[in-house]
Amino acid sequence: MTQHLAAPAAPTSGTHTGWWRDAVIYQVYPRSFADGNGDGMGDLEGVRSRLPYLKDLGVDAVWLSPFYASPQADAGYDVADYRAIDPMFGTLLDADALIRDAHELGLRIIVDLVPNHSSDQHEWFKRALREGPGSPLRARYHFRPGKGENGELPPNDWESIFGGPAWTRTEDGEWYLHLFAPEQPDFNWDNPAVADEFRSILRFWLDMGVDGFRVDVAHGLVKAEGLPDLGGTDQVKLLGNDVMPFFDQDGVHEIYRSWRTILDEYPDERIAVAEAWTPTVERTANYVRPDELHQAFNFQYLGTHWDAAELRAVIDSSLAAMRPVDAPATWVLSNHDVTRHATRFANPAGLGTQLRTAGDRELGLRRARAATLLMLALPGSAYIYQGEELGLPDVTDLPDEVRQDPSFFRAAGQDGYRDGCRVPIPWTVEGSSYGFGSGGSWLPQPASWGSLSVEAQTGDPGSTLELYRSALAVRREHPGLGAGTAVEWLESPEGVLAFRRDGFVCTANTTGAVVRIPLPGRTLLANETVMIVDDMAELPADTTVWWAV
């Protein structure tokens, strides 16, 4: 049973418009953020209790990963009811209270929306199975007869992102499509009922007062006509690098234009953010044309190595791609699907975004801190994943028996090591689950977690947490930071990025050695101590410095 609640007022923006253009958005993975009832699993009550922390951190908005009713086959990205809260996370009243409290603190709330697929426990899909071939409910998904003499082969050669065929056969002999786990059947967006349902879902949450949506698998809703074979294996390796018949089809844009008309009906600038894996940033820009979505994640930037030349190329291409569509560039270093950047940067380049080795912890943390300052100095909007402000590494040594990532249990798909970035974050030096909750944590935390906790780092001027707090405060106050469309590159030594914005210069030394440069101005912030000698600045290895000029 679902319930409509009166929408709480959104944060007032005064004369400021386009709040998302320079917003810093903090991703909360609810099951791993804070546990309010002591059952070992994070929940909405826990998130609500920690909102003052996020306000003090200095972020503008909070993005919540899925909390909908779900069997949890893929950590909530298999939704059984889009208008209900899963009991493990709370109730609709808890969601309402969270939204209201956030707005009173001046924070906006963005919720995850999963339109590419539902749970196999969604009422539509359960009825489709019961009613059999020819059912109108089956037309809302991709049911097909199989190939082979007796229909024993899948309808085409598509592979699941989690490994194995993208098709599962039902007891009556038909097959259904699931680009992810078998428990996540793909919707058929050619069916008008699907589009109608999601327009209703949008209005339900907008009426609740949410400020926007992060659109999961935004590139996947429309499949190529006829569902043609791809003609090869190891298809997961092509993601984001090649044209796929099930991803980034032009038809998705009609859907998002219809969503934009709904968003624009509501006050206080409600937004939508695309998770869109595309071959190029130019293709990504298609999702944020003026009559479509507002932002799209910049996965090209996330996957870039800590290398000055590579970073400059991606920064230039990202800004250039967004400029013609008048959309802000976005910058992100970590999320719930990739190894935390403090661990990625601790390892040699070229290993991808899901790593199994801890690497050099000291090197990784230093680079991560420098990379964060670089990211927050760029024009546009930035995303922070919970715990990165504590400098948390990935937990790379979780025993196999505690892992819960569904792709870990399937061959030939994603590496299946996403659990390492989902370990509950530490709040206190001691205590049950380091302050996460009174009843332990659903994934085991390392013994070192207490020294990385919010309590341990608060007030320590050298801590990563205080670096983030300082950076977000400066970003908010300095007129040259935040929204924009360009940077002015400055001459710099090899391995050093240097650019100017209004009254501001950023220098990032990506090398492993000290580099001397002419003093750009007055030091605002740096992740390492910078020495000034005779009008020259000595940049330590892997250091980013903000200068007022």
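Here is what the cut-offs are and how they apply
Along every chain, residues carry numbers that run from 1 in the direction the sequence is written. Where local features are concerned, this predicted model is filtered to residues with pLDDT of at least 70; where side-chain atom pairs are given and counted, the filter is 80 or more; whole-chain, interface and lining totals use all residues. Only hydrogens and water are set aside; all other atoms, that is, all heavy atoms of the structure, feed into the side-chain values. Elements are defined by DSSP. Helices are runs of H or I of four residues or more, strands are runs of E of two residues or more, and each kind is numbered from the N terminus. Pairing of aromatic side chains here covers Phe, Tyr and the six-membered ring of Trp, requires ring centres within 6.5 Å, and sorts the geometry by plane angle: under 30 degrees stacked, over 60 edge-to-face, intermediate tilted. Think of it in three bands: with a 1.4 Å probe and only protein chains considered, a residue is buried below 20% of the maximum accessible area for its type, exposed above 50%, and partly exposed in between. A helix is expected to reach a length of 1.5 Å times the quantity of its residues less one. The criterion used for residue contact is that any of the two residues' heavy atoms lie within 4.5 Å. When DSSP finds two or more bridges between two strands, those strands count as paired. All axes are obtained by fitting lines to C-alpha atoms, using only the stretch in contact for helices, and the reported angles, taken between N-to-C directions, cover 0 to 180 degrees. In this tally, Asp and Glu contribute negative charge and Lys and Arg positive charge; neither His nor the terminal groups of the chain are included. Salt bridges, as used here, are contacts in which a Lys or Arg side-chain nitrogen is within 4 Å of a carboxyl oxygen on Asp or Glu. Under this definition, polar contacts are N or O atom pairs within 3.5 Å; protein pairs additionally need one hydrogen-donor-capable and one acceptor-capable atom, and for neighbouring residues in sequence, both atoms have to be side-chain atoms. With respect to orientation, any angle under 35 degrees is reported as roughly parallel, any angle over 145 as roughly antiparallel, any angle of 65 to 115 as roughly perpendicular, and every other angle as oblique. Throughout this entry, Asp, Glu, Lys and Arg are counted as charged residues, while Ala, Val, Leu, Ile, Met, Phe, Trp, Tyr, Cys and Pro are counted as nonpolar. The remaining residues, Gly among them, count as polar.

A.B. asks: Residues and numbers for the environment of P324, please.
C.D. replies: Counting through the fold element by element, P324 comes out in the loop between helix 9 (308–322) and strand 12 (330–332). Separated by 229 residues in the primary sequence, P324 and A95 have C-alpha atoms spaced 38 Å apart.

A.B. asks: Kindly report on the packing of aromatic side chains, identifying the contributing residues and their values.
C.D. replies: Note on aromatic pairs: each is described by the distance of the centres and the angle between the planes. Taken as a whole and judged by the stated rule, the model has 32 aromatic pairs. Here the aromatic rings of F297 and F299 are separated by 5.9 Å at their centres, their planes lie at 50°, and the arrangement is tilted. As far as the burial class goes, F297 and F299 line up, both buried. Aromatic pair W306 and F345: ring centres 6.1 Å apart, planes at 45°, arrangement tilted.

A.B. asks: With reference to specific residues and values, describe helix 9.
C.D. replies: Its 15 residues give helix 9 an end-to-end C-alpha distance of 21 Å, which sits within 8% of 21 Å, the value for a rise of 1.5 Å per residue. For helix 9, the elements touching its buried residues are helix 7 (281–285), helix 8 (299–302), strand 12, helix 11 (361–377), strand 14 (488–489) and strand 15 (496–501).

A.B. asks: An account of the sheet that holds strand 13 (residues 381–385) is requested, with residue identities and associated values reported.
C.D. replies: Read across the sheet, 8 strands follow the order 11-10-9-5-2-1-13-12 without closing on themselves; strand pairing throughout is parallel. Two strands close off the open sheet at either side, each with one partner strand: strand 11 (295–296) and strand 12. Across 2 bridges, strand 10 (residues 271–274) lies against strand 11 in parallel orientation. Each bridged residue has a counterpart across the sheet, and for A274 the counterpart in strand 11 is A296. Relative to the sheet, helix 3 (residues 92–104) contacts strand 2 (61–64) and strand 5 (108–113), its axis offset from that of strand 5 by approximately 140°. Sitting on the sheet, helix 13 (residues 464–477) is in contact with strand 1 (24–28) and strand 13, with an inclination near 160° to strand 13.

A.B. asks: Could you give an account of the sheet that holds strand 16 (residues 504–509), naming the residues involved and the relevant values?
C.D. replies: What the 5 strands build is an open sheet, ordered 14-15-16-21-18; its pairing is antiparallel. Two strands close off the open sheet at either side, each with one partner strand: strand 14 and strand 18 (522–526). Strands strand 14 and strand 15 of the sheet are contacted by helix 9, whose axis makes an angle of about 35° with strand 15. Together, strand 18 and strand 21 (543–548) form the strand contacts of helix 13, whose direction differs from that of strand 18 by roughly 130°.

A.B. asks: Can you break down the side chain of E388 residue by residue, with the values?
C.D. replies: Mapped onto the elements of the fold, E388 is located in the loop between strand 13 and helix 12 (454–457). Put simply, E388 is tucked away with no salt bridge, and the nearest opposite charge, on R340, sits 6.1 Å away. Among the polar contacts made by the side chain of E388, one reaches the main-chain amide nitrogen of Y385 at a distance of 2.8 Å. Polar side-chain contacts of E388 include one of 2.7 Å to the side chain of Y468.

A.B. asks: Describe the packing of helix 3 against helix 5 (residues 192–208), and please don't skip the residues or the numbers.
C.D. replies: It is the contact of helix 3 with helix 5, at a shortest axis distance of 10 Å, that shows an interaxial angle of 55°. Relative to helix 5, the element helix 3 lies oblique. Of the residues in helix 5, those touching helix 3 at L92, A95, D96 and I99 are F204, W205 and M208. When the residues that make up the contact of helix 3 with helix 5 are grouped by side-chain class, the tally is 6 nonpolar, no polar and 1 charged.

A.B. asks: Quick one: what's the story with the packing of helix 11 against helix 13, residue by residue and with numbers?
C.D. replies: Two numbers describe how helix 11 lies on helix 13: the axes approach to 10 Å, and their chain directions differ by 10°. The pairing of helix 11 with helix 13 is recorded here as roughly parallel in orientation. Contacts between helix 11 and helix 13 involve L365, R369, T372, L373 and L376 from the first element and T464, L467, Y468, A471, L472 and R475 from the second. When its residues are assigned to classes, the contact of helix 11 with helix 13 shows 7 nonpolar, 2 polar and 2 charged.

These values are about where atoms sit, not about what they do.
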